[in-house]
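Understanding the architecture of this molecule
Here are the chains, one letter per residue:
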Amino acid sequence: MAATRTILVAVAVMTVLSTASAAVYNVGEPGGAWDLSTNYGTWASSRNFQTNDQIVFKYSPQAHDVLEVSKADYDSCSTASPVTTLNSGNDVVTLTATGTRYFICGFPGHCAGGMKVKIDVMPGSSSSSPAPASGPSASNTAPPTLVSAATNVEAMGFGLVVLLAVAGLMA
Ligand code: CU1
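Below, the structure is looked at part by part. (Residues numbered from 1 in each chain as written. Predicted model: local features only at pLDDT ≥ 70, side-chain atom pairs only at ≥ 80, totals over all residues. Heavy atoms only, no water.)

**Some words on the coordination of the copper ion**
For the copper ion, the protein coordination sphere consists of His-64 (ND1), Cys-105 (SG), His-110 (ND1) and Met-115 (SD), at 2.0 to 2.8 Å. Coordination at the copper ion is irregular: its four donor atoms span angles of 81 to 133° at the metal. Positions of the donor residues of the copper ion, expressed as sequence spacing, correspond to H-x40-C-x4-H-x4-M. With a gap of 51 residues between them, His-64 in the loop between β2 (54-58) and β3 (66-69) and Met-115 in the loop between β6 (99-104) and β7 (116-121) connect regions that are remote in the sequence. (Donors = N, O, S within 2.8 Å, 3.2 Å for Na, K, Ca; no water. Tetrahedral: all angles 85-135°; square planar, octahedral: opposite > 155°, others 65-115°. Helix = DSSP H or I, 4+ residues; strand = E, 2+ residues; numbered from the N terminus.)

**With respect to the state of the cysteines**
On inspection of all chains with the given rule, the structure shows one disulfide. Across the disulfide from Cys-77 sits Cys-111; the S-S distance is 2.0 Å. Between Cys-77 and Cys-111, the disulfide has an S-S torsion of -75° and is therefore left-handed. Within this pair, whereas Cys-77 is found in the loop between α3 (71-76) and β4 (84-86), its partner Cys-111 is found in the loop between β6 and β7, the two being separated by 34 residues in sequence. (Disulfide = S-S within 2.5 Å.)

**Some words on the sheet that holds β2**
Across the sheet, three strands lie side by side as β1-β2-β5; this open sheet has mixed pairing. Sheet topology places β1 (24-26) and β5 (90-94) at the edges, where each strand pairs with a single neighbour. Neighbour to neighbour, the strand axes of the sheet diverge by 20° on average, direction disregarded. Pairing of β1 with β2, which is carried by three bridges, proceeds in the parallel orientation. By the bridge assignment, Val-24 is partnered in β2 with Gln-54. (Pairing = 2+ DSSP bridges. Axes fitted to C-alpha atoms, helices over the stretch in contact; angles between N-to-C directions.)

**Considerations on the pairing of β3**
What you see with β3 is no split at all: Val-66 and Glu-68 on one side and Leu-67 and Val-69 on the other are buried throughout. Pairing geometry for β3 and β4, over three bridges, is antiparallel. In the strand pairing of β4, Val-66 is matched with Leu-86. Of the strand pairs in this sheet, β3 and β6 are connected by three bridges, and their pairing is antiparallel. Each residue of the ladder has a partner; that of Val-69, found in β6, is Tyr-102. (Buried < 20%, exposed > 50% of the residue type's maximum accessible area, 1.4 Å probe, protein only.)

**Notes on the packing of aromatic side chains**
Counted according to the given criterion, the structure contains six aromatic pairs. Centre to centre, the rings of Trp-34 and Phe-57 are 4.9 Å apart; their planes meet at 75°, and the pair counts as edge-to-face. Here Phe-57 lies in strand β2 and Trp-34 lies in the loop between β1 and α2 (40-45), a separation of 23 residues in the sequence. Taken individually, Trp-34 and Phe-57 each receive the classification buried, so the pair is uniform in this respect. On the basis of an interplanar angle of 50° and a centroid distance of 5.2 Å, the ring pair of Phe-57 and Phe-103 is categorised as tilted. (Phe/Tyr/Trp six-rings, centres within 6.5 Å; stacked < 30°, edge-to-face > 60°.)

**Here's the deal with the side chain of Asp-91**
Looking at where Asp-91 falls in the secondary structure, it is placed in strand β5. Lacking a salt bridge, the buried Asp-91 has Lys-58 as its closest oppositely charged neighbour, with an N-O distance of 11 Å. Separated by 2.3 Å, the side chains of Asp-91 and Ser-88 make a polar contact. Beyond its immediate sequence surroundings of up to four residues, Asp-91 is in contact with Ile-55, Val-56, Phe-57, Tyr-59, Val-66 and Leu-86. (Lys, Arg positive; Asp, Glu negative; His and termini not counted. Salt bridge = Lys/Arg side-chain N within 4 Å of Asp/Glu carboxyl O. Polar contact = N/O pair within 3.5 Å; in protein donor to acceptor, adjacent residues only side chain to side chain. Contact = heavy atoms within 4.5 Å.)

**Focus on unusual backbone geometry**
Looking along the chain, the bond that leaves Glu-29 and enters Pro-30 is cis, with omega of -5°. Along the chain, the position of Pro-30 falls in the loop between β1 and α2. The residue Asn-52 is not glycine, and still its phi comes out positive at about 80°. Turning to its location among the elements, Asn-52 is positioned in the loop between α2 and β2.

So this is what it looks like as structure tokens:
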């Protein structure tokens, strides 16, 4: 029984560690939303996005949508080949990996009018390695970080299996 309790505590600690750093950001808030009047450069630069955080685009689907695009399409406001198209009006995007992600509005003229946001995703604080201070050129550090993110996901999955096994034993 003591062993069971130890496992439960370990699982609880692991769960807390793996979720403590996740944050949810409503794009443009406070003071704005996913609209034509928010300066997203200012909005994004004052926030520190980390892996496992979520960003939420809230808007009227009749007025806007959200396209995730490549850097080139972001720069040129091209809507021709989006990576992903979101149009629910309440779109949740989980920042699963480090790197930069690019989002624009696909409605004619809206991207050129300022509806474009780029999200630089840094390693989460649950990672044991310190966040690189290199900023925009951080893309060359992506491979090791991706490995560590995968390990975290595996650890979470393992924790879940242990929890289920313990629950089975106790039932
Ligand atoms: Cu729009």
